[in-house]
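Structure at a glance
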Amino acid sequence: MAVEIIMPKLGVDMQEGEILEWKKQEGDMVNEGDILLEIMSDKTNMELEAEDSGILLKIVRGNGETVPVTEVIGYLGAEGESVDNLSAPSTESKEAPQEVAKAPETPVQAAPQVAVSAPQGNKGKVRATPAARKAAKELGIDLGQVPGTGPFGRVHKDDVENFKGAQPKATPLAKKIAEDKGLDLSTITGSGYNGKIMKEDVMAVLNAAKPAAETAQAAKPAEEAVKELPEGVEVIKMTAMRKAISKGMTHSYLTAPTFTLNYDVDMTEMMALRKKLIDPIMAKTGNKVTFTDLLGMAVVKTLMKPEHSYLNASLINDATEIELHRFVNLGIAVGLDGGLIVPVVKGADKMTISDFVIASKDVIKKAQSGKLKAAEMSGSTFSITNLGMFGTKSFNPIINQPNSAILGISATVPTPVVVDGEVVVRPIMALSLTIDHRLVDGMNGAKFMVDLKNLIENPFELLI
């Protein structure tokens with residue numbers, strides 16, 4: 001019997017994926033574990049492996065198409081088997097994306113469960129989406145006992161969460177509002193981490209009760225607004241990466257009350273240290289040490305001081321608790337033609353300069369070639385972004401949530417300064433620290449910058 005190939009849900013915020021290239025063609029033999037196709041999810045490219053063996057009977061969605069998560073994109077089966085009578089699962093039986101519109105103008109009502117003829121429990125190898133398997137593991141549910149509502153009994157995440165009344169995860173405030181308004185939490189799709197129901201999700205469902213005319217007006221297709229375009233105007237679709245950047249930056253800007261501290265740093269000693277390190281590090285690693293590497297190490301060393309722990313922290317549980325990190329996973333912003341991506345150097349606090357050079361070059365090269373894995377662009381505890389190579393004198397970087405701060409690095413410019421009563425020209429670099437004021441106060445941010453400035457101006461401590 002034919003098995004459907006679906007667009008996987010690779011992250012809690014993933015709504016759709018773009019098919020970059022099918023690695024197999026219709027009629028090809030596919031073994032379990034073979035790479036079927038390459039997709040783009042938000043900001044990263046991913047290779048999708050076959051979950052079963054068989055002949056690639058049909059490609060439903062081709063290269064270049066953007067497909068909602070859990071939608072069928074192809075079929076595997078026995079040679080000669082027909083799939084003409086098969087159709088993609090209805091939208092009601094698909095796994096709902098983990099994002100509910102938060103704006104009152106575009107409320108989203110949770111889709112009702114649709115009665116689908118399915119076996120009461122699965123025997124043998126269970127067909128299930130990756131999200132369903134993860135949910136079953138978290139809830140301690142045997143997938144073999146869950147009736148699947150997908151084609152051929154495939155188990156979706158909704159099937160797992162609705163099995164035997166599994167209780168949805170929700171914040172205390174969301175539970176209280178739902179209880180006060182008489183809402184059933186099991187009918188609400190959560191937009192928080194791992195599908196947790198947030199206050200905004202409950203409010204979105206409540207706002208759905210607004211008059212239909214108002215809803216219809218708010219939901220007018222975008223194409224109506226651009227029916228008559230002036231000559232020379234072109235409308236193009238946002239790429240998956242651009243959508244992810246737009247969503248992330250908007251969330252950060254509207255969520256965190258921020259302020260930025262600006263400092264000038266004398267790079268004389270740092271430039272001298274780099275000059276001495278270039279040859280030995282090149283001989284050891286095969287890579288050239290950059291100022292971003294040295295500045296990154298200076299940031300890591302400063303963050304590890306106990307008095308600066310809040311600069312290396314995150315807000316969790318609906319911003320009611322603070323997660324302090326005793327390690328540093330440093331995010332390094334990388335500009336690509338299609339947008340911005342932030343690969344992460346994990347465990348940077350345990351690295352030597354040579355280790356850091358190797359690790360940073362590895363994730364940066366992967367980012368530039370589109371081969372970065374999802375795990376390599378998540379989990380940062382602090383981030384840096386360098387626009388100095390473009391001559392930028394100063395800027396206010398936007399925090400990479402859920403970090404509590406981000407450091408912007410600007411150009412190094414020969415500048416007249418007073419040293420010991422004499423005017424001399426020194427290479428001065430501007431640093432800009434943007435801070436989430438919910439976690440860090442101005443005095444604490446300033447103390448961090450003073451220590452960082454001292455370390456950059458006396459960088460030989462990096463070798464100790």
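Figured I'd write up the structure that's included with this text. Residue indices begin from 1 for each chain and proceed along its sequence in written order. Selection of residues for local features in this predicted model requires a pLDDT of at least 70, selection of side-chain atom pairs for listing and counting requires 80 or more, and totals for whole chains, interfaces and linings are taken over all residues. In computing side-chain properties, one takes all heavy atoms of the structure into account and sets aside hydrogens as well as water.

This paragraph deals with the sheet that holds strand 1 (residues 3–6). Following DSSP output, two strands are said to pair if at least two bridges run between them. Only runs of H or I of at least four residues qualify as helices and only runs of E of at least two qualify as strands under DSSP, and these elements are numbered from the N terminus. An order of 1-8-6-3 is seen for the 4 strands of this open sheet, with the pairing classed as antiparallel. At either end of the open sheet lies a strand with only one pairing partner, and these are strand 1 and strand 3 (29–30).

Among all positions of helix 3 (residues 172–181), only Ala174, Ile177 and Ala178 are buried. Mapping the buried residues of helix 3 onto a view down its axis gives an arc of 100°, with all of them on the same face. For helix 3, the exposed residues set more than 90 degrees away from the buried face come down to Pro172, Glu179 and Asp180. Two residues form a contact once any of their heavy atoms are found within 4.5 Å. Check the buried side of helix 3 and you find it contacts helix 4 (199–207). Burial here depends on accessible area, computed with a 1.4 Å probe over protein chains only, as a share of the maximum for the residue type. Under 20% is buried, over 50% is exposed, and the range in between is partly exposed. Here the arc refers to the directions that run from the helix axis out to each C-beta atom.

Take the environment of histidine 156 next. For histidine 156, the position within the fold is in the loop between helix 1 (130–139) and helix 2 (157–162). In this structure the C-alpha to C-alpha distance between histidine 156 and valine 146, which are 10 residues apart in sequence, comes to 9.5 Å.

Turning our eyes to something else, we now look at the pattern of salt bridges. When a carboxyl oxygen of Asp or Glu is within 4 Å of a side-chain nitrogen of Lys or Arg, the pair counts as a salt bridge. Under the definition given, this model contains 15 salt bridges. Lysine 23 is paired through a salt bridge with glutamate 38; the nearest N and O atoms lie 3.8 Å apart. Here glutamate 38 lies in strand 4 (residues 35–41) and lysine 23 lies in the loop between strand 2 (16–22) and strand 3, a separation of 15 residues in the sequence. Residue lysine 23 is classed as partly exposed on the basis of its relative accessible area, which comes to 36%. Residues lysine 350 and aspartate 349 are paired through a salt bridge, measuring 2.9 Å at the closest nitrogen-oxygen approach.

This part covers the pairing of strand 2. Examined bridge by bridge, strand 2 and strand 7 (residues 66–68) share 3 bridges and lie antiparallel to one another. Bridge pairing links glutamate 18 to threonine 66 in strand 7. Here strand 2 pairs with strand 4 via 4 bridges, running antiparallel. Following the sheet pairing, isoleucine 19 is matched in strand 4 by isoleucine 39.

For the rest of this paragraph, the subject is helix 9 (residues 291–303). Compared with an ideal rise of 1.5 Å per residue, which puts 13 residues at 18 Å, helix 9 spans 18 Å between its outermost C-alpha atoms and is within 8% of the ideal. In terms of burial, helix 9 is a largely internal element, 11 of the 13 residues being buried. Within helix 9 the residues assigned to the buried category are Thr292, Asp293, Leu294, Leu295, Gly296, Met297, Ala298, Val299, Val300, Thr302 and Leu303. Working rule for helices: expected span equals 1.5 Å times residues minus one.

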